Structure formats: C-alpha cells, structure tokens
Amino acid sequence: MRKKNTHPNNRFVDIAYPLRVVVGVMFSLIILFTLGQIVFRFVFDSPLVWSEELSRFLLVWMTFVGAAVLAWDGRHLCVDVFFNGFSQKWQSRIRWTSMGIIVCFLAYAMYYGWVIIGLEKHNDIGALEIVGSWYRIPFFVGGALMIVAFIARFFYRLPRQKDNSTL
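Note that this is a predicted model, so its numbers are computed, not measured.

Calculation criteria
Residues numbered from 1 in each chain as written. Predicted model: local features only at pLDDT ≥ 70, side-chain atom pairs only at ≥ 80, totals over all residues. Heavy atoms only, no water. Helix = DSSP H or I, 4+ residues; strand = E, 2+ residues; numbered from the N terminus. Buried < 20%, exposed > 50% of the residue type's maximum accessible area, 1.4 Å probe, protein only. Contact = heavy atoms within 4.5 Å. Salt bridge = Lys/Arg side-chain N within 4 Å of Asp/Glu carboxyl O. Phe/Tyr/Trp six-rings, centres within 6.5 Å; stacked < 30°, edge-to-face > 60°. Expected span 1.5 Å × (residues − 1). Patch = residues over 30% accessible without salt bridge, like charges linked within 9 Å, V, L, I, M, F, W, Y side chains within 5 Å. Areas by Shrake-Rupley, 256 points an atom, 1.4 Å probe, with all protein chains shown as cover. Core = buried A, V, L, I, M, F, W, Y, C linked by side-chain atoms within 4.5 Å.

(A) Region of the structure containing the overall build of the protein. The secondary structure content of the protein amounts to four helices and two strands. Seen in sequence order, the protein has helices and strands lined up from the N terminus as α-α-α-β-β-α. Taking all 167 residues of the protein together, the buried fraction comes to 35%. Residue pairs at least 24 apart in sequence account for 73% of intrachain contacts in the protein once pairs closer than 6 positions are excluded.

If you want it as structure tokens, here you go:
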C-alpha cells in the first residue's frame, strides 16, 4: 500500500477535483434514471423510453472524463512491476518516453475522432433525437482532458511528490 505524502511542503492542488465532481454527478444521474426506469416500467406499467439511452450517453461521457481523472492520478495505463526495479535515471527516461507515446496516440486518435464527429453531425440517434456527433464528442473531449492531465501531472505533480513509484 502506498503511503500518502502529507508533508506541508509537498502538497499539490488537485486540478482533477472538478472532473471528479462531474463524474460523481453523472454516476448519480445514471443510478437515478435507471431506478426511475424500473419504477415506471414495473409499478406504473409505462416505461420511460429515453432513460436507457440517456444513461448510456452519460456512461460514455463519464468514462472519458473519468479517464482524465485517472491520468492525473497516475493510475491510467500503469504497470509498474518492472519499472520500480530501474534506477532513477532510467525511470525518468521511461516516464518521458511513455508520456510522449501516450500524448502522440491521444492526439492522433483525437484527430480522427474529430473527422468522425464531422461525419455524424447529420444523423439523429434514438429516442432522444440527439445528433450522432454528441455520442462521439466525449472521446475528443476526454482525449484533450487526458493530454492536459498527463502533461500537468508530469510537470506539476510528479516533481512535488516524494514517492515517484508510479508512472
């Protein structure tokens, strides 16, 4: 188990806190809409046609916004079994290399995600009659938030932590 660093000189601002709140609100809404669907379907025998679709829509947004929170926390795509065995010099090199690969991949994927958003802007999807691009935008927004989180973590959070055991 990792010890929390509570020394006053090593504190950092949690820039992901607003995103944590957004993810929590989305999760609460998904639960609320799902329970509402159950009540309306089985008690009132009148299902809410839109609740399942809205819950799925919120789940997609919650996934990509939550991925940015994980990136800030250093828990996203992190396997440190061999990493901890390297010297500090090599750990630094591995961090820089992995951050570069991750940011390049996210930028590449965001570019093609933007192309797909443009293609979907004329399609209405489902009972909510939401334009199809709104189902694709979370990937683009989440990718941008992840890039910001990775870079902010690298230049702001990691230098302030004593325990650099994770990437």
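(B) Representation of the pattern of salt bridges within the structure. Considering all chains together, one arrives at four salt bridges under this definition. Between D14 and R20 there is a salt bridge; the shortest N-O distance is 2.9 Å. The partly exposed category is assigned to D14, whose relative accessible area is 27%. For the salt bridge of R136 with E120, the shortest nitrogen-to-oxygen distance reads 3.5 Å. Remark: E120 occurs in helix α3 (residues 88-120) and R136 occurs in helix α4 (residues 133-157); sequence separation between them is 16 residues. On the basis of relative accessible area, R136 is assigned to the partly exposed category, the value being 34%. Overlapping salt bridges bring together D14, R20 and D73 as one network.

(C) How the structure looks around the packing of aromatic side chains. Considering all chains together, one arrives at seven aromatic pairs under this definition. Seen in terms of ring centroids, Y108 and Y112 are 5.1 Å apart; in terms of plane orientation they differ by 65 degrees. Their pairing is edge-to-face. Residue Y108 and its partner Y112 are both found in helix α3; the two are separated by four residues, about one turn of the helix. Look at Y112 and you get partly exposed, because its relative accessible area is 43%. Judged by centre distance (4.8 Å) and plane angle (45 degrees), the ring pair of W114 and F140 falls under tilted. Highlighted residues: W114 in helix α3 and F140 in helix α4, separated in sequence by 26 residues.

(D) Focus on helix α1 (residues 17-42). Look at α1: 38 Å from first C-alpha to last across 26 residues, which is about the 38 Å you get at 1.5 Å a residue. Within α1, burial applies to L19, V23, M26, I30, F33, G36 and Q37.

(E) Spotlight on helix α2 (residues 51-73). Taking 1.5 Å per residue as the helical rise, α2 with its 23 residues ought to reach 33 Å, and the 32 Å between its terminal C-alpha atoms agrees with that figure. Positioned one or two residues after α2, G74 has a phi angle of 75 degrees, which is positive.

(F) Examining a nonpolar patch on the surface more closely. There is a patch of nonpolar side chains on the surface, built from F27, I31, L35, I38, V39, F40, F42, V43 and F44 and spanning about 900 Å² of accessible area. By the element assignment, I38 lies in helix α1.

(G) Region of interest: the nonpolar core. The biggest cluster of nonpolar side chains holds 32 residues, and the ones touching the most others in it are M26, L58, W61, V65, L106, M146 and F150. The set of elements that each furnish at least two residues to this core consists of α1, α2, α3 and α4.

(H) Representation of the side chain of Q37 in the model. Summarising the element assignment, Q37 is placed in helix α1. A relative accessible area of 13% means that Q37 is categorised as buried. Beyond its immediate chain neighbours, meaning those up to four positions away, Q37 contacts P47, L48 and S51.

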